Amino acid sequence: MVNYESVIQLPATDTSGRTRNDISGCTRTSIADVARSLGVSDRTLWYWVSEERKSRQRAEDPSSLNADDVAELKRLRRENAQQREDMEILRKAAAYFAKETLR
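Thresholds, definitions, all that
- Residues numbered from 1 in each chain as written.
- Predicted model: local features only at pLDDT ≥ 70, side-chain atom pairs only at ≥ 80, totals over all residues.
- Heavy atoms only, no water.
- pLDDT = per-residue confidence, 0-100.
- Helix = DSSP H or I, 4+ residues; strand = E, 2+ residues; numbered from the N terminus.
- Salt bridge = Lys/Arg side-chain N within 4 Å of Asp/Glu carboxyl O.
- Buried < 20%, exposed > 50% of the residue type's maximum accessible area, 1.4 Å probe, protein only.
- Expected span 1.5 Å × (residues − 1).
- Arc of directions from axis to C-beta.
- Contact = heavy atoms within 4.5 Å.

**Here we look at the confidence of the model for the chain**
And step 1. When the pLDDT values of the chain are averaged, the result is 77; 72% of them are 70 or greater.
And step 2. Model confidence for the chain, summarised as mean pLDDT per element, is weakest for strand β1 (residues 5–7) at 42 and strongest for helix α3 (residues 67–102) at 93.

**Concerning the pattern of salt bridges**
And step 1. Tallied over the entire structure, the rule returns 6 salt bridges.
And step 2. The closest approach of N and O atoms between Arg 36 and Asp 33, which form a salt bridge, is 2.3 Å. Separated by 3 residues within a single helix, Arg 36 and Asp 33 lie in helix α1 (residues 31–38), roughly one turn from each other.
And step 3. Judged by relative accessible area, which is 37%, Asp 33 ranks as partly exposed.
And step 4. Ionic pairing is found between Glu 79 and Arg 75, a salt bridge with its closest N-O pair at 3.1 Å. Placement of the pair is Glu 79 and Arg 75 together in helix α3, with a separation of 4 residues, close to one helical turn.
And step 5. Taking the relative accessible area as the measure of exposure, Arg 75 reaches 39% and is therefore partly exposed.
And step 6. Several salt bridges share partner residues, and in doing so they unite Glu 72, Arg 75 and Glu 79 into one network.

**Some words on helix α2 (residues 42–60)**
And step 1. Between its first and last C-alpha, α2 extends 27 Å over 19 residues, near the 27 Å set by a 1.5 Å rise per residue.
And step 2. Taken as a whole, α2 has its buried residues at Asp 42, Leu 45, Trp 48, Val 49 and Glu 52. The arc enclosing the buried residues of α2, seen along the axis, measures out at 130°, which places them on a common side.
And step 3. Where α2 is buried, its residues contact α1.

Listed below in C-alpha cells is the structure:
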C-alpha cells in the first residue's frame, strides 16, 4: 500500500460525483487514507494527484511540453532541416542553370 504524505489535490470531481471541496479536510493525510475514504484505489488517487500537479505545472509554465509535443517538435525540426537542405540544393541548381543559359 502506498503511504505518501502529501497535500492532496484532486480532480474537480471523482467517480462518485464528490468534489474537491467535499474532501478538503483531507489535505494533510496519506494518499492511502484519502483513497479509502473516497472508495478508490491508491493508484487511482495517486494518478489523479500526479495529473493535477502536471496540469498546474503546465499552467504555471506554458512553455513546458508533454512527451507528445516533444516528439512532434523533434520530428518537425528534422523535417525543417531537410527542407532547408533541399532548398539550398534547388538554389544552387537554379543558379547553375541560369548561368548555363546565359552562355
